[in-house]
Structures are given as C-alpha cells and as structure tokens.
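A look at the structure
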Amino acid sequence: MTVTSSPFTATVLGLPRVGPRRELKRATESYWAGRLDAAGLHDVAAALRRRQYDELAAAGIDSVPVGTFSYYDQMLDTAVLLGALPPRVAGIEDPLDRYFAAARGTDTIEPLEMTKWFDTNYHYLVPEIGADTVFSLHADKLLAELAEAIALGVPARPVVIGPITFLKLAKATGGAALNRLDELVPLYRELLRQLAAAGAQWTQIDEPVLVTDLSAAEIELVRSTYAELSAESERPAILVATYFGRPGSTLDALLETGIEGVAVDFTAMAAADVPAVDNKLLVAGVVDGRNVWRTDLDQALATVSGVRASAVAVSTSCSLLHVPYTLAAETGLDDQLRSWLAFGAEKIAEVRLLATALRSGPESVAAELATVRAALDSRRNDPRLADPQVQARLGALGADADRRTPAAERRAGQAEHLHLPVLPTTTIGSYPQTSAIRLARAALRKGEIDQAEYVRRMRAEIAEVIALQEKLGLDVLVHGEPERNDMVQYFAEQLDGFATTESGWVQSYGTRCVRPPILYGDVSRRAPMTVDWISYAQSLTDKPVKGMLTGPVTILAWSFVRDDQPLADSAAQVALAIRDETVDLEAAGIRIIQVDEPALRELLPLRTADQPGYLDWSVRAFRLATSGVADTTQIHTHLCYSEFGEVIDAIAGLDADVTSIEAARSHMEVLDDLNAAGFDLGVGPGVYDIHSPRVPSVDEITAALRSALKAVPAERLWVNPDCGLKTRGAVEVEASLRNMVAAAHAVR
Ligand code: GLN
Ligand code: ZN
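As the structure is a prediction and not an experimental result, all values here were calculated from the model.

Rules and cut-offs
- Residues numbered from 1 in each chain as written.
- Chains lettered and ligands numbered in written order.
- Predicted model: local features only at pLDDT ≥ 70, side-chain atom pairs only at ≥ 80, totals over all residues.
- Heavy atoms only, no water.
- Donors = N, O, S within 2.8 Å, 3.2 Å for Na, K, Ca; no water.
- Buried < 20%, exposed > 50% of the residue type's maximum accessible area, 1.4 Å probe, protein only.
- Near = heavy atom within 4 Å.
- Polar contact = N/O pair within 3.5 Å; in protein donor to acceptor, adjacent residues only side chain to side chain.
- Areas by Shrake-Rupley, 256 points an atom, 1.4 Å probe, with all protein chains shown as cover.
- Pairing = 2+ DSSP bridges.
- Helix = DSSP H or I, 4+ residues; strand = E, 2+ residues; numbered from the N terminus.
- Axes fitted to C-alpha atoms, helices over the stretch in contact; angles between N-to-C directions.
- Phe/Tyr/Trp six-rings, centres within 6.5 Å; stacked < 30°, edge-to-face > 60°.
- Parallel < 35°, antiparallel > 145°, perpendicular 65-115°, else oblique.
- Left-handed = near helix turned anticlockwise from the far one by under 90°.
- Contact = heavy atoms within 4.5 Å.
- Nonpolar A, V, L, I, M, F, W, Y, C, P; charged D, E, K, R; others polar.
- Expected span 1.5 Å × (residues − 1).
- Salt bridge = Lys/Arg side-chain N within 4 Å of Asp/Glu carboxyl O.
- UniProt positions renumbered as here; feature names shortened; annotations may be inferred.

Within the first shell, the zinc ion (ligand 2) binds the protein through His-638 (NE2), Cys-640 (SG) and Cys-723 (SG), at distances of 2.0 to 2.1 Å. On the primary sequence, the residues serving as donors to the zinc ion (ligand 2) are separated as H-x1-C-x82-C. Given the relative accessible area of 28%, Cys-640 is considered partly exposed.

Now the structure itself:
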C-alpha cells in the first residue's frame, strides 16, 4: 500500500460555480445562443476556477476540492464520468453539445429528468440506467481540472460522487440500480489509480445518500464497496463525505473499512454521537454550508475539541454550492444584520479561523473570537428577533387555527355564494410574463419610471388578462400575477422579519439561479400585500377573481431560514401574516383565495422518522393561514406534483376546499391515489401539461376529464391546467385555454 498522504486541517466540501456575478450563466447562455464558442466558454470557466483557488489559498485552506466545478450539474458530470449518458444523445458528435443535450434536450431529444438534490433547493439531472447501459470510465474532465489545479500549486483534492449515491439517485429500468454496483466498483478503482498517477494525495468521494434511511443490506454494500476501494494499492487517500444529515450506522460501516477519512455533518449531530474515529481523519463539518448565519465559533470549537479521532480537519458541513459567494457584494443590508451573516467567503474564513484556534489555541485568535461573540450577542438581543405582539397572537390562537365547519357543509354554502357551473374552469394564477412586464420592472429598478407609472402598467396587464379570460369564458378568473418577480420574494419584500439581497445568487439548476430571501426576525405584515391588485382585477369583472397567495411552507422552503428557533415556529409566524392577508382579501369582496404550497413535499425530511413531525407542523401552518375566513369563502391550494407518496394524508389534512395538482402527465392516476387516501374535497387535476408549448386538443382534454370523472364525482371536479402559465407564450396559452373551456362545455 502506498497511501502516504498526511492529513489536512482546513477545507470546504465543494465550491459554487456560477461565478459571483453569474459569469458562467452568462457565458453558457451565450454559448447556447451561438455568440460564444467552446473555447470562450472554457476560458470563462477556467478564470472562475483560478480566482476561487487564489481566494482559497489566500484564506489558508490547505486542501482544496477540485472537480466540483460543473458546466451544468454534478450528477450529469458523474454520468459522463461513468459512461452512462442515455443512448438518445450518443449520436451527437461534440462532447459539450452532447452534454448540454442530455441536460436540456434538443428539438428532437428529451432531456434527462430533473429533481431535487436531497432536501436542498438545488436540482440535479437524474441519470438513466438501462439494461443496455455499459459503464465505462471517462475521467478527462476531472483529470484536466486536477492537472490545472496542480499546475497552479493548489493542494488539490479531486471530488467525485460515490457509486452508492450515484446509483441510488439514478433511474433504472429493469431492476434496482444498486444491482449494478459490481460494474461500477472496478471503474472507481481505475479512477483511483488514475488520480494517484496524476498526483492527487487525497480524493473525496461524496456519499450524501448515507444520511438517508438505508436498509441493512444497503449498509453492508456501503461497507463492502469501501473495503474494496480502499484495498486498491495505487491510490490517493480516500475521504468519504457524508452531508445533509446524520449518517447513523452507515458511519460505523465506513469506519470498518480501510479509507483514510470521513466527513461528518456536525450541524446535524452532536460530537458525542459520533463514534471514535481511529486511524482516520475526521473532517468535521461545523460551519453550516447551507445557511447564511455566522457560526458560533466558541461552540464549533467545543464540538471539534470534543471529537475522538486520530486527526481532525475543520470544514463546512457540505459544499458551498448552496450559499451566495460573498457578503462583500451586499450594500443594502443594515450593519446589524450584516454582522450576523456569513456567505461563502465568510464561511471559508471561519473554517480557517477554527483551524488556527485548534492548532495554536483560542488565544491566538482572541480578537476574532471576540468580534464573533459581539455579533452573536447583538443578534440575540435585537428587538426584531422577538416581537411580543406576534408571540402573543400565536399564543392566543388556539382553536381558531382551524376552520370550524366540515368541508362538506362549507361546500354547500360556497355553491350558493359563488354560483359556479358544474366542472368550473380556472387557471393556477400566473399568465405569461411578457417582455413589457419585465421591461417595466427593470425600468422601475433603474429609476426610469416611478411607482405610479409601474402600477399603471401592471394594471394594464391585469386588465388584458381579465379581458382575455372573459373572452375565453373561464369561470373563476385570476389577475395573472404580473407584479410578482417571484412567488416568494414578492411576499418576503413586504414582510417584516425578511431581508432580500442584491447579489445573493444561488444555483437552482443549470444556468438558473435564485436569490433566496433571508428570514432573520419575527414576521409580521406591515400592510396588505395583494389586496389592491386583486381588488382592481375584481373591479373589472362580475366573475369571481381568485386572490393569490404563497403559503407559509413554500415561503420558508425557498428562503434562508432562522437557525435560532424551530422552523415550525417560523412557519406559524408566516402563516399569521398570510392569514391577515386572506382576511383583508375577503373584506375587499374576494370570494375565492388560493394559497399555493408547491414546496410542501420538498421540505419533507430525508429520514422517515423525522417526517411525521414535519407534516404535522406544516399542515398546521397552512390551516392557520387559511382558517381566518368565513365558511362561504372558498380556499384553494396548488401543489406542483402528482407523486404524493408520504404527503398524501397531509394533502387531505390541509382542508382546502379545492386542491389543484399536476396530473396531465400521470394520466389522472393521482385521483385514484387520492381516493384511496379518503380524500373527498374539491380537486382540479391538471388537464393539460403546461411544461411544454404544445397546444392540447379539445378531444384530449375531453378524454382527460372523462377519465377524471370516473374517479371523482362532478360536483368535486375542477378544470384547470397543471401549473401557472408564466413561462408560456401568449399565443399558445390562449389556444390551450380555449380548448380547455370547450372540453369542459362538451363534458358538462
Ligand atoms: N400561482 C402560481 C403561478 O401560477 C403557482 C406557481 C407554482 O405553484 N409553482 O405561477
Ligand atoms: Zn405548479
């Protein structure tokens, strides 16, 4: 065995890649548009990497992850590494174009499916493994990035996604993907030899799937796989990285093998719960890689000092992919709030500080530790964090947090109040975000138009959308959401307790980035947030206009949340603010209010044992948000998916009068699932798929409705597309909705 690497002391598990100013996004989109060639794109990427390496060197990080850079997604990179791209892209000669075809599709090629990366807001591409997949190793990207880093003098630690995680997250046809593990292990062994030959001292193999519930047989596979990989004689030292939660007994399995290091997420478990790590490096993820809060360094030091291991390195809990680059880019945050925060660059500095304190004693960084203590004190004592009024209201709510009348009785009252035909037609809320809307928003931001002019233009958009819906003959109208940049940020900007950033971009998938708001204090509503827009829309028509709100769970799911109180408490506070809005909408004469919760399933904890608790508080938050209105006011909700799994009982628990769901692609099977769970409320299974520009025919929609009627009685069935229309073009939207209304008439 020739594994002789010495341990390191300070690292991060991975790096963001879009660039602090989203340079890679711009370059990639230019490449797609044909305005930049491949060499130009590679140059932008290389420059971004070099800058990161310089910053890490300057920060004193002594082992640097290499290969976490990606042109689109790390799971797609791993599929390329293992020769597992789907056959349908094989005909594309150019490797980069083949890669992007797998990611985004072409006119004739379907892209890989995309889904959430564990419980983060990052989305990965799901590798497809078929009977005809013949795995083979293609390490060129990783080896090139390794050579580049070594040439720059970087203490490089090449990173790959491990075989267990890769297979568990892949979609396999013909048997469980893990059955193919035997084929992958030799490739990983070969990869280890190549990395050693290229000069790598350490390599990091990411196995985040080890923090999910694995069966005993799977845990045994973890042990045998890493026993076999560590038996390879010519290889770098192996660090197996677990993150996003507690590894549980998979950690014991790893510790039995000959690997040289394990990374553990200490934000998810206490030092005392980590078994003794003999003869291995323990990479202690004490700096949270997923939130934006400054680390309590005293506490982190105590944690790291408390672990039992032959060597310890300080690290972030996971890749820095999930936080913005640097606080330095923010100019709009108040000094207090700013002092509580740590984005990527600040987290790297924290890692370094902790490593120094460990090596040379806390005295050596006394001044820095004092600064941190002062910041944490100022945070704890800030009045914005504890609003007695909010607390008092929550305490006093009790039984008022549910609707008192059973749904069936409410239905009768609402029918009298609303006068809707059977099979009422509606949409999910947004209409196409036209370039006029985007231009108006940009002009307002740049100060070229004032607020009054902006309102005038948005009202014009609303008037058009109302006129269109009247012309098409829809039954329940919407205002179209033109004024919303984003369904979460729009509310966060108007709620006390939330801050928004200027440059806090985080990759959501591919070239798509989001700027999650930061929830830092107790939440309250300064003033009505949507009432003017909705009332204006309602003033233009006699048909009911739905008020549109985002639900508390979704607002939290797409924000950085507080770490100083349970998420359940934050959810209740947001719910209270949304409840106030529903009450004001009702008072303004709005008879139907939709509270969207597309993220209800997203936030579901990874471990089964943690799920009931989550579902309990999330359902309670929704009910709190929606129970302030009269029985005659109809509450709708929208969920963006149809595979309900563990959340099916929760959907009934929401007690929404009408639930719209995605169903067009799953052919109404969802209704059987809902029936099986005893769901007996109103339901609008999407009758066509808005994720494609195709216009569905009247016949198709009629057929979808008829099949829905086999599962759901007509008095509970609604007719709607399966999601909002904001990403679609105006022409196809009009044609599709016309056909939808015609189909509803035909079936009636
Ligand atoms: N009301 C929102 C819209 O129509 C819902 C979007 C969503 O759930 N993702 O855009
Ligand atoms: Zn949706």
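Moving on from the model shown.
Right, let's get into the site of ligand 1. Around ligand 1, the neighbouring residues are Ile-428, Gly-429, Ser-430, Glu-481, Met-487, Asp-596, Pro-598, His-638, Cys-640, Cys-723, Gly-724 and Lys-726. Asp-596 is positioned with one of its side-chain polar atoms (N or O) 2.6 Å from a nitrogen atom of ligand 1. The contact in question runs from an oxygen atom of ligand 1 to an N or O atom on the side chain of Lys-726, over 3.4 Å. If ligand 1 stood free it would expose 300 Å²; the protein chains cover 92% of that surface.

The five strands are arranged β16-β17-β18-β19-β20 in an open sheet whose pairing can be described as parallel. Single-partner strands in this sheet number two, and they are β16 (546-550) and β20 (682-685). Sheet twist, expressed as the average angle between the axes of neighbouring strands with direction ignored, equals 20 degrees. Here strand β17 (residues 592-596) runs beside strand β18 (residues 634-638); their pairing, made up of five bridges, is parallel. Following the sheet pairing, Ile-593 is matched in β18 by Ile-635.

By the definition in use, this model includes 13 aromatic pairs. Arranged with centres 5.2 Å apart and planes meeting at 80 degrees, the rings of Phe-8 and Trp-202 form a pair that is edge-to-face. Taken as a pair, Phe-8 in the segment before α1 (23-32) and Trp-202 in strand β7 (residues 202-206) lie far apart in primary sequence, 194 residues in all. Note on Trp-202: relative accessible area 6%, which makes it buried. Ring centres 5.4 Å apart and planes at 90 degrees place the aromatic pair Trp-32 and Phe-100 in the edge-to-face group.

Right, let's get into the packing of helix α5 (residues 140-151) against helix α7 (residues 181-197). Between α5 and α7, the least distance of the axes is 10 Å, while the angle of their chain directions is 20 degrees. Judged by the inter-axis angle, α5 sits roughly parallel to α7. Helix-helix and strand crossings are classified by hand; for α5 and α7 the assignment is right-handed. In this structure, α5 contributes Leu-142, Leu-143 and Leu-146 to the contact, and α7 contributes Leu-191, Gln-194 and Leu-195. Of the residues that constitute the contact of α5 with α7, the class distribution is five nonpolar, one polar and no charged.

Next up on the list: helix α17 (residues 451-472). Helix length check: α17, at 22 residues, gives a terminal C-alpha distance of 31 Å against a target of 32 Å (1.5 Å per residue), a fit within 8%. The elements touched by buried residues of α17 are α16 (435-445), α19 (531-539) and α26 (730-747). Two residues or fewer past α17, Gly-473 is found with a positive phi of approximately 80 degrees.

Between helix α25 (residues 698-711) and α26, the shortest axis-to-axis distance is 8 Å and the interhelical angle comes to 50 degrees. Of the possible angle classes, the one that applies to α25 and α26 is oblique. The crossing of α25 and α26 is right-handed. On α26, the residues touching Val-698, Ile-701, Thr-702, Leu-705, Arg-706 and Leu-709 of α25 are Ser-736, Asn-739, Met-740, Ala-742, Ala-743, Ala-744, Ala-746 and Val-747. Classifying every residue of the contact of α25 with α26 by side-chain character gives ten nonpolar, three polar and one charged.

Reading across the sheet, the seven strands line up as β1-β5-β7-β8-β9-β10-β11 and stay open at both edges, with parallel pairing between neighbours. Looking at the sheet topology across the chains shown, the edges are occupied by β1 (64-66) and β11 (309-316). Adjacent strand axes in the sheet meet at a mean angle of 30 degrees when their direction is disregarded. Relative to strand β5 (residues 156-161), β1 runs parallel, the two being bridged by three bridges.

Let's shift gears to the pattern of salt bridges. A full pass over the atoms with the stated rule returns 45 salt bridges. Linking Arg-623 and Asp-402 is a salt bridge whose minimum nitrogen-to-oxygen distance equals 2.6 Å. With Arg-623 in helix α22 (residues 611-626) and Asp-402 in the loop between α14 (388-397) and α15 (407-418), this pair connects stretches of sequence that are 221 residues apart. One salt-bridge network, held together by shared partners, links Arg-49, Asp-77, Lys-141, Glu-145 and Glu-148.

Further remarks concern the UniProt feature "binding site: Zn(2+)" (unreviewed entry) in the chain. If you check UniProt for "binding site: Zn(2+)" (unreviewed entry), the listed places come out as His-638, Cys-640, Glu-662 and Cys-723 in our numbering. Taking the farthest pair of C-alpha atoms as the criterion, the annotated set spanning 86 residues converges on one region, since that pair is 8.8 Å apart. Structurally, the position occupied by His-638 is in strand β18. Under the relative-accessibility criterion, His-638 is labelled buried at 3%. Residues contacting His-638, with those up to four places away along its chain left out, are Ile-428, Gln-594, Val-595, Asp-596, Glu-597, Pro-598, Ser-660, Asp-722 and Cys-723. Its place among the elements puts Cys-640 in the loop between β18 and α23 (648-653). The residues contacting Cys-640, other than those within four sequence positions of it, are Pro-598, Glu-662 and Cys-723.

This paragraph deals with the UniProt feature "binding site: L-homocysteine" (unreviewed entry) in the chain. Sites flagged by UniProt as "binding site: L-homocysteine" (unreviewed entry) map to Ile-428, Gly-429, Ser-430, Glu-481 and Asp-596. With the annotated positions falling across 169 residues, the maximum pairwise C-alpha distance of 12.8 Å places them together in a single cluster. For Ser-430, the contacting residues outside a window of four places in its chain are Gly-480, Glu-481, Gly-724, Leu-725 and Lys-726. Relative to the helices and strands, Asp-596 resides in strand β17. On the basis of relative accessibility, which here comes to 7%, the residue Asp-596 falls in the buried class. Once you skip the residues sitting within four places of it in the chain, Asp-596 turns out to touch Met-487, Met-548, Leu-549, Thr-550, Gly-551, Thr-554, Thr-637 and His-638.

What follows concerns α1. Burial in α1 covers these residues: Leu-24, Lys-25, Ala-27, Thr-28, Ser-30 and Tyr-31. Packed against the buried residues of α1 are α2 (38-59) and α4 (95-104). Backbone geometry just downstream of α1 places Gly-34 in the positive-phi region, at approximately 80 degrees.

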